[in-house]
Every structure is written in C-alpha cells, then in structure tokens.
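Chain and residue survey
What follows is each chain in one-letter form.
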Amino acid sequence: MLRVGGKRLMGLGFGRQVAAFPFREARGYHERVVDHYNNPRNVGSFDKNDPTVGTGLVGAPACGDVMKLQIKVDDNTGKIVDACFKTFGCGSAIASSSVATEWLKGKQMEEVLVIKNTEIAKHLSLPPVKLHCSMLAEDAIKAAVKDYEVKRDKLGFKKGISTGENVEKDAVDA
C-alpha cells in the first residue's frame, strides 16, 4: 500500500510516466566558474598589520556573500606581488574572488583600479542573477587598494614625483 501511494505521488503509478520535476530545466555553471570553485586560486590571508598589505572586506547583505581580498605590494615598484582571498558565499562569489586575485598579480596599482565587474562577469559567463558576485570582487579590489594607500599615508610615505620610488614625506616637502 505504501509503495503504491509513493509511486502515485511521484507520478509513477498506473503505467503513466511523468517527470518528477517537469518544470525545472537543468542549468549549470560555466566551466570556468566550476574550475575556480573546485580549485580556487590564492586562498588564504596575509598579516593585515603589514604595511605592504592592503585589505578589502566587502559584503552583500541581500545574499549573505562576504569577501576579503588582500594585496601585497612591492614598495619600490608599486607592483602587486601577491594577492589572496577568503570568501564566504556561493560558487560564483568564490570564482569571482579567485579570478580577481589571478588578475591582480604583477600589475601596477593604477592598472588594477580599472578592472571592472563586467570583465569578471564576462570571463566567468555569469548569469544576470549572479552579477552581484563580480561587483563584490570589483569593490574588494578598490577597498584593498584604498586600505594600502591609507596605511602608507599614515606611515609617512608618499610617491616620489620624478622617480616613482617611495620616499618619506619630509624628504619630498623639504
């Protein structure tokens, strides 16, 4: 009796076959999202008190995603020598963080500020409902750069005008 009732509920009883979920269509993520989710690059964290490290912590209250992205900058060249992230969220958020850290390495600070969420979303083929994940990644990049610059200003460093090297503010002002 129980077996017959169960089959009726699932649409399997009395010779007619009905799909269990007739209105649901299988939908998957793009292979790049799956790759970055299954094999995330640059997961981890740096010491936030290190003056060469900038930390960006952003979140989306609507979906619960939280992203921490950190950059390590070479003081002499202004290049980002390393980047890492920790993300609490969906696969698209993790993939967006992973891609962002890959794109940051080896670039100048000015170069990374022009990375847009649309580029990340296009690279990962994110659907419109997941665009907020790429927006978080862009915001995290900007926040990390800003944090680094604030730290450097507090320590009294300023970009040299002609050489591009970091020098103490007093040496530039004198």
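Our subject in this report is the structure included herewith. Note that this is a predicted model, so its numbers are computed, not measured.

Strand pairing in a sheet relies on backbone hydrogen bonds. The paired strands run either parallel or antiparallel. The three strands are arranged β1-β2-β3 in an open sheet whose pairing can be described as antiparallel. Edge positions in the sheet fall to β1 (53-60) and β3 (80-88), since each has one partner strand and no second. The sheet shows a mean angle of 15° between the axes of neighbouring strands, direction not considered. Alignment of strand β2 (residues 65-73) against β3, held across eight bridges, turns out to be antiparallel. Paired with K68 across the strands is K86, a residue of β3. Contacting β2 and β3, helix α3 (residues 91-104) crosses the sheet at an angle of about 175° to β3.

What follows deals with the nonpolar core. L69, I71 and L104 are the most contacted members of the largest nonpolar core, which totals 27 residues. For this core, the elements supplying multiple residues, two or more each, are β1, β2, β3, α3, α4 (109-112), α5 (117-124) and α6 (131-154). With seven residues, the single largest contributor to this core is α6. Setting aside its immediate chain neighbours within four residues, I71 contacts F46, T52, V53, G54, I80, D82, A83, L104, M109, A144 and V145.

Quick look at a negative patch on the surface now. On the surface, E110, E111, E149 and D153 cluster together into a patch of negative charge. For the negative patch, the secondary-structure elements that each account for two or more residues are α4 and α6. Note on placement: E111 falls in helix α4.

In this section: a nonpolar patch on the surface. On the surface, a nonpolar cluster with roughly 340 Å² of combined accessible area is contributed by L57, V66 and F88. One can find V66 in strand β2.

Turning to the packing of α5 against α6, a few remarks are in order. The geometry of a pair of packed helices is captured by two quantities: the angle between their axes and the separation between those axes. The geometry of α5 relative to α6 is characterised by a closest axis approach of 8 Å and an angle of 130° between their N-to-C directions. Between α5 and α6, the angle is such that the two are oblique. Considering how the two elements wind past one another, α5 and α6 form a crossing that is right-handed. Of α6, the residues touching α5 (which contributes N117, I120 and A121) are L131, S134, M135, A137 and E138.

Turning our attention to the pattern of salt bridges. On inspection of all chains with the given rule, the structure shows seven salt bridges. Across the salt bridge formed by D75 and R152, the nearest N and O atoms sit 3.6 Å from each other. Separated by 77 residues along the polypeptide, D75 in the loop between β2 and β3 and R152 in helix α6 bring together distant segments of the chain. Taking the relative accessible area as the measure of exposure, R152 reaches 7% and is therefore buried. The partner of D82 in a salt bridge is K105, and the shortest N-O contact between them spans 3.4 Å. Taken as a pair, D82 in strand β3 and K105 in the loop between α3 and α4 lie far apart in primary sequence, 23 residues in all. Overall, D82 belongs to the partly exposed group, its relative accessible area being 26%. Its relative accessible area of 35% is what places K105 among the partly exposed residues. Taken together, the shared-partner salt bridges in this structure form one network comprising D35, R41 and E102.

Procedures and definitions
- Residues numbered from 1 in each chain as written.
- Predicted model: local features only at pLDDT ≥ 70, side-chain atom pairs only at ≥ 80, totals over all residues.
- Heavy atoms only, no water.
- Pairing = 2+ DSSP bridges.
- Helix = DSSP H or I, 4+ residues; strand = E, 2+ residues; numbered from the N terminus.
- Axes fitted to C-alpha atoms, helices over the stretch in contact; angles between N-to-C directions.
- Contact = heavy atoms within 4.5 Å.
- Core = buried A, V, L, I, M, F, W, Y, C linked by side-chain atoms within 4.5 Å.
- Buried < 20%, exposed > 50% of the residue type's maximum accessible area, 1.4 Å probe, protein only.
- Patch = residues over 30% accessible without salt bridge, like charges linked within 9 Å, V, L, I, M, F, W, Y side chains within 5 Å.
- Areas by Shrake-Rupley, 256 points an atom, 1.4 Å probe, with all protein chains shown as cover.
- Salt bridge = Lys/Arg side-chain N within 4 Å of Asp/Glu carboxyl O.
- Lys, Arg positive; Asp, Glu negative; His and termini not counted.
- Charge placed at Lys NZ, Arg CZ, Asp CG, Glu CD.
- Parallel < 35°, antiparallel > 145°, perpendicular 65-115°, else oblique.
- Left-handed = near helix turned anticlockwise from the far one by under 90°.

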